[in-house]
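Fold and geometry: a report
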Amino acid sequence: MTEAILATKDISFNYPDGTKGLDDLSLTIPQGEKVVILGPNGAGKSTLFLHFNGILEPEQGSVFFEGQRISYDKQTLTNLRKKVGLIFQDPDEQLFSASVYQELSFGPLNLGLSKAKVKQRVIEAMKVTGISELEEKPTHLLSYGQKKRVAIAAVLAMKPKVIIFDEPTAWLDPQGAEEIISFLEELTANGITIVMATHDVDLAYKWADYVYIMNQGTKIASGIPSDVFQNKSLLEKVSLVQPLVLELYQQLQEQGVVKPNQYPKTKQELLKLIKN
Amino acid sequence: MLIVDQYAYSNQLSSVHPVEKMIFSLTTLLIALISNSIIVSVVVIFVMSGLLVLKAKIPKLVFLKLLLVPLSFIIMGLIPIIISVTTSKHDFIVQMSYWGLTLGISSANLITAVELLFRTTASVCCLYFLALTTPMIEINSMLRKLKIPAVFIEFMNLVYRLLFILLDTAHQIKVAQLSRGGYSSIKNTFTSLAYLGSNLLVKAYYRAKKLSLALKARGYKGKIEVLERDHHLSKRNLSIIAVTEIVLVIFSILVEVV
């Protein structure tokens, strides 16, 4: 495993209304990797994400960024929020401005960059997310998928090292989801670490380098996808199912159709194994 | 006024510099207000509605409907000016007397009312010109350039954005209620509406809280700073505006003198 860019050590957090958020959670996010966090609703994924960005402070334990323990003073937090970008599930929660252009300029301006630099970043972020033609449009007239892209661009314009996505494919049509995933692929190619919460086990299995499974505020499993998703009873405990490709592969392997220990990631890879 | 908002973004004059539109609309408004002549008001009404319908391509019917909204208020306001109630005798054009009180319309008041009607309609047309051709975002950025305190502008910006979220939320709640039999009788219309009202407030509050979280995540430190888009003033447009305004001023002076 490469060096950890983000890590939590024994963090616990409870909400004021008594809801348990996190319970003694320790995990590490390796630099440059694609990490998926799975778990049922209320498992604490979103709470964890708010800790990564310093918005919530753990009651016990500590959060580390690039090996440094996060202290909660203004300077450190500003620096942390510059490096760790958070993309919320509902873009309407994130977009505060009626103008796409203004929305995108907000983050970089908070970093204290010059206007010329900010402008350059805004244009660049619009270009990579494919929303340049939306520049003139008000955010309230955009479709859900377009809003999602604007929300992503708004974080990208800050050039973070880590981007945290809370269910990026939720409520998107299959094509929109596919586009977002291949876009994430581009981001990792540029060395950005990505952490994603999702309920989609097939996506997690296909896409992730590393998987964490959370339940009731704590980690119950972790490892590379082909290992984690073999544990059927554990998955059932958190009401998850095995990825379809993996399940089929295991069945076929038991029947001697395919060779063991090859773990296809996609349907195509599985079909290829069957053919051989 | 969501229709106004949509046309503000989609009209054919939306790419024209907001300052040009603002100067044009506000100076014309000033002339319309200062001038006492009905002819000037009529000219302003024609110029503004002509520009809106022919240049900005706002559909005629939409514009007429929009005009009816303030017009109904104006006409209501004119009634007390037209009709006088006195106990003494006057030279009214039309009059009715009851128990010593005389209700009547005098020619002087009628003229004042008609003048007022035209003048206010002209003013409304000027403001509609600005509202229908200039998106709120750009009006906001102009205010910023005019050095209006940042607090007001941030406030306007957020209110504008949140207004749509609020309307959206209200719509979602209403659809959810309708699909489960809400608003089916007079009685449950009231209860449904009460639920909508009270829950909208709670939801709006949580929305606002979440928004502030999202702002914090991007480094919000108490001040919302955003970048304005660059606009270039067109000399051609500015000269056309200047000529139009000068002609209007000369015209209104001539009407006054003659």
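Every chain begins its residue count from 1, and numbering advances along the sequence as written. In the order they appear in the text, chains get letters beginning with A and ligands get numbers beginning with 1. Totals for whole chains, interfaces and linings use all residues, but because this is a predicted model, local features are given only for residues with pLDDT of at least 70 and pairs of side-chain atoms are given and counted only at 80 or more. To get the side-chain values, all heavy atoms of the structure are used, and hydrogens and water are removed first.

1. A look at the overall build of chain B
What counts here: In DSSP terms, a helix is any run of H or I states spanning at least four residues, a strand is any run of E spanning at least two, and both are numbered starting from the N terminus. Radius of gyration here is computed from C-alpha atoms only, and the compact-globule reference equals 2.2 Å multiplied by the residue count raised to the power 0.38. Only protein chains enter the area calculation, which uses a 1.4 Å probe; residues under 20% of their type maximum are buried, those over 50% are exposed, and those in between are partly exposed.
When its secondary structure is counted, chain B shows nine helices and three strands. What you see in chain B, going N to C, is helices and strands ordered as α-α-α-α-β-β-β-α-α-α-α-α. In terms of overall dimensions, chain B is more spread out than a globule: its C-alpha atoms have a radius of gyration of 24 Å, far above the 18 Å expected for 258 residues. Expressed along its principal axes, the backbone C-alpha trace of chain B runs to roughly 70 × 60 × 35 Å. Counting over 258 residues, chain B shows a buried share of 37%.

2. Side note on the overall build of chain A
Cut-off, in case you're wondering: Contacts: residue pairs with any heavy atoms within 4.5 Å of one another. The method behind every accessible area is Shrake-Rupley, applied with a 1.4 Å probe, and residues are considered shielded solely by the protein chains displayed. His is not counted here, nor are the chain ends, while Lys and Arg score as positive and Asp and Glu score as negative. Just so you know, the charge point we use is NZ for Lys, CZ for Arg, CG for Asp and CD for Glu.
Counting secondary structure elements, chain A contains twelve helices and ten strands. Taking 19 Å as the expected radius of gyration for a compact globule of 276 residues, we find that chain A reaches 20 Å, a close match to that expectation. Across its three principal directions, the C-alpha atoms of chain A cover 65 × 45 × 35 Å. Here chain A holds 276 residues, and the buried ones make up 55% of them. Pairs at least 24 apart in sequence give 64% of the contacts found in chain A among residues at least 6 apart. Counting only carbon and sulfur atoms, one obtains 48% of the accessible surface of chain A, whose full area is about 12,300 Å². Here chain A carries 29 positive and 33 negative side-chain charges, and the mean point of each set is 5 Å from the other.

3. A closer look at the domain arrangement of chain B
All names here are of chain B. How we decide: Marked domain ranges trace back to an automatic or database domain assignment. The quantity reported as buried area is the accessible area (1.4 Å probe) lost by two parts once they are put together, taken as the sum for both. One speaks of a salt bridge when a side-chain nitrogen belonging to Lys or Arg is within 4 Å of a carboxyl oxygen belonging to Asp or Glu. The definition of a polar contact used here is a pair of N or O atoms within 3.5 Å, where within protein one atom must be able to donate a hydrogen and the other to accept one, and adjacent residues in sequence count solely through side-chain atom pairs.
Segmentation of chain B into domains returns domain 1 (1-82 + 108-134 + 230-258) and domain 2 (136-227). Using only C-alpha atoms to locate each centre, domain 1 and domain 2 end up separated by 31 Å. Across the contact, ten residues belong to domain 1 and eight residues belong to domain 2. Taking both sides of the interface into account, the surface hidden between domain 1 and domain 2 amounts to around 880 Å²; carbon and sulfur atoms contribute 67%. When the buried area of domain 1 at its contact with domain 2 is split by residue, Y9, M22 and T134 rank highest and sum to 44% of it. Linking domain 1 with domain 2 are zero salt bridges, by the criterion used here. Between domain 1 and domain 2 we count two residue pairs in polar contact (both at pLDDT 80 or more) in total.

4. Description of the pattern of salt bridges
Overall, the coordinates contain eleven salt bridges over all chains when judged by the stated rule. Between D92 of chain A and R161 of chain B there is a salt bridge; the shortest N-O distance is 2.7 Å. A residue pair is termed interchain when its members come from two chains, as with D92 of chain A in helix α3 (residues 91-94) and R161 of chain B in helix α7 (residues 150-178). Classification of R161 of chain B by relative accessible area gives buried; the value is 1%. Connected through salt bridges with shared partners, the residues D92 and K147 of chain A together with R161 of chain B form a single ionic network.

5. Here we look at the sheet that holds strand β2 (residues 94-98) of chain B
Residues and elements named next belong to chain B. Our working definition: Pairs of strands are assigned from DSSP output, requiring at least two bridges between the strands. Simply put, an axis is a line fit to the C-alpha atoms, just over the touching stretch for a helix, and the angle between two N-to-C directions goes from 0 to 180 degrees.
Across the sheet, which stays open at both edges, the three strands sit in the order β1-β3-β2 with antiparallel pairing between neighbours. Among the strands making up the open sheet, the edge pair consists of β1 (83-86) and β2. On average, adjacent strands in this sheet sit at an angle of 20° to one another, irrespective of strand direction. For β1 and strand β3 (residues 101-105), the ladder comprises four bridges, and the chain directions are antiparallel. Across the sheet, the residue bridging to T86 is T102, located in β3. On the sheet, helix α4 (residues 60-82) packs against β1 and β3 and is oriented at approximately 35° with respect to β1.

6. Comments concerning the interface of chain B and chain A
With 32 residues of chain B at the interface, the matching set in chain A holds 36 residues. Of the roughly 3,300 Å² buried between chain B and chain A on both sides combined, carbon and sulfur atoms contribute 60%. Three residues stand out in chain B for area buried against chain A, namely R161, R218 and L227 of chain B, and they jointly supply 28% of the buried area on that side. At the boundary of chain B and chain A, one finds four salt bridges. Inspection of the chain B/chain A interface yields twelve residue pairs in polar contact (both at pLDDT 80 or more).

7. Focus: unusual backbone geometry
One non-glycine residue, N261 of chain A, adopts positive backbone phi at about 55°. In this structure, N261 of chain A sits in the loop between α11 (244-254) and α12 (267-275). Take N261 of chain A: its relative accessible area is 61%, and that puts it in the exposed class. With phi around 65°, K147 of chain B is a residue other than glycine that occupies positive phi space. Looking at the secondary structure, you find K147 of chain B in the loop between α6 (136-145) and α7.

8. Details of the environment of I39 of chain B
All names here are of chain B. As for its position among the elements, I39 is in helix α3 (residues 38-55). The spacing of I39 and P80 is 41 residues in sequence and 24 Å in space, taken between C-alpha atoms. If we skip the residues at most four places from it in the chain, I39 touches F251 and V255.

9. Structural notes on the pairing of strand β10 (residues 218-223) of chain A
All names here are of chain A. In this structure, strand β9 (residues 210-215) lies alongside β10, joined through five bridges in antiparallel fashion. Each bridged residue has a counterpart across the sheet, and for Y212 the counterpart in β10 is S222. Two successive antiparallel strands, β9 and β10, enclose a turn made up of two residues, where Q216 displays a positive phi of approximately 45°.

10. Some details on the nonpolar core
All names here are of chain A. The test is simple: Throughout this description, the term nonpolar core refers to a set of buried Ala, Val, Leu, Ile, Met, Phe, Trp, Tyr and Cys residues connected via side-chain atoms within 4.5 Å.
The biggest cluster of nonpolar side chains holds 40 residues, and the ones touching the most others in it are L38, F165, L184, L187, W207, I213 and F229. Here this core gets six residues from one element, more than from any other, and that element is helix α7 (residues 174-189). Once residues within four sequence positions are removed from consideration, F165 is found in contact with F49, I87, I152, L184, L187, I194, V195, M196 and A197. Counting 33 residues, the second largest nonpolar core, distinct from the first, contains L6, I29, F88 and Y210.

11. Considering the sheet that holds strand β3 (residues 34-38) of chain A
Residue and element names in this part refer to chain A. With mixed pairing, six strands are arranged side by side in an open sheet as β6-β7-β8-β3-β9-β10. Sheet topology places β6 (84-87) and β10 at the edges, where each strand pairs with a single neighbour. Direction aside, the axes of adjacent strands within the sheet are offset by 20° on average. Of the strand pairs in this sheet, β3 and β9 are connected by four bridges, and their pairing is parallel. Paired with V36 across the two strands is V211, which belongs to β9. The strands touched by helix α1 (residues 45-52) within the sheet are β3, β6, β7 (162-166), β8 (193-198) and β9, with β7 carrying the most contacts at an inclination of about 155°.

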